[in-house]
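Close look at the chain arrangement
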Amino acid sequence: DMTLRSSGGKTALQMAKEKGHAECVCALEEHSTTATEAEGETAVAESAEQAAAAAREAAAAAEAAEARDAAEAALREAVEACERGDADLEALRAAINANTAQVADGSE
C-alpha cells in the first residue's frame, strides 16, 4: 500500500528517495503506477456491471409494461364486445384466461 506512512509521516517512496536508493524508488514508482491502473480497470468493470444491471432492469420493466398494455387492450376489446351484446361469455372467459397465462409466464 503506497499510502502507508512511518511514524514520522513519510511513505516508503519518500524514504527511498531521501536515502538515494534508486532501485527501490523505481520499483515503488512502478508498483504505484501498476496499482493505479488496476484500480482504474476495476472501476471501469464495476461501472460496466452497474450499467448492464440497469439495462436488464429497464428491459424487464419495458416487458412488463408491454404485457400490461396488451392485457388492457384485450380487456377493452372484451368490454366493447359486451357493450355491443355480441360477446360469447365462454369465449371471452377463455381469451382472458389465455392472456393472463401468457402475461404470467412471459410468453407474450
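Below is a summary of the structure that appears in this document. Keep in mind that what you see is a predicted model, and the values were worked out from it rather than measured.

Another aspect to go through is the overall build of the protein chain. Helices and strands together make up the secondary structure of the protein chain, namely three helices and zero strands. In the protein chain, the order of α-helices and β-strands from amino to carboxyl end is α-α-α. Split into buried and exposed, the 108 residues of the protein chain put 8% on the buried side. Long-range contacts, defined as pairs at least 24 residues apart, comprise 26% of the intrachain contacts of the protein chain with a sequence gap of at least 6. Looking at the protein chain as shown, the accessible area adds up to about 8,300 Å², and 56% of this sits on carbon and sulfur atoms.

Before going further, it helps to spend a moment on a nonpolar patch on the surface. Taken together, the side chains of Leu75, Val79 and Ile96 define a hydrophobic patch exposed on the protein surface, amounting to about 240 Å² of accessible area. Note on placement: Val79 falls in helix H2 (residues 22-84). The class of Val79 is partly exposed, set by a relative accessible area of 41%.

Turning to the pattern of salt bridges, a few remarks are in order. Per the stated rule, a full pass over the model turns up four salt bridges. Note that Lys10 is salt-bridged to Glu18, the shortest N-O span being 2.8 Å. When the shortest N-O distance is used, the salt bridge between Lys17 and Glu29 registers 3.7 Å. Of this pair, Lys17 sits in helix H1 (residues 12-18) while Glu29 is found in helix H2, placing the two residues twelve residues apart along the sequence. Ionic contacts of the salt-bridge type, sharing partners, join the residues Arg68, Asp69 and Glu72 into one network.

Rules behind the numbers
- In this numbering scheme, every chain counts its residues from 1 along its sequence in written order.
- Totals for whole chains, interfaces and linings use all residues, but because this is a predicted model, local features are given only for residues with pLDDT of at least 70 and pairs of side-chain atoms are given and counted only at 80 or more.
- With hydrogens and water excluded, all non-hydrogen atoms of the structure serve as input to the side-chain values.
- Secondary structure counts use DSSP, requiring at least four H or I residues in a row for a helix and at least two E residues in a row for a strand, with both numbered from the N terminus.
- Each residue is placed in one exposure class: buried if its accessible area under a 1.4 Å probe, protein chains only, is under 20% of its type's maximum, exposed if it is over 50%, and partly exposed if it falls in between.
- Any two residues whose heavy atoms approach within 4.5 Å at even a single point are treated as in contact.
- For accessible areas, the Shrake-Rupley method is used with a probe of radius 1.4 Å. Any residue's cover is judged against the shown protein chains and nothing else.
- Patches here are clusters of residues that have more than 30% relative accessible area and form no salt bridge, with a 9 Å joining cutoff for like charges and a 5 Å cutoff for nonpolar side chains (Val, Leu, Ile, Met, Phe, Trp, Tyr).
- Note on definitions: salt bridges are taken to be side-chain nitrogens of Lys or Arg within 4 Å of carboxyl oxygens of Asp or Glu.

Such coordinate-based values are descriptive only and should not be taken to indicate function.
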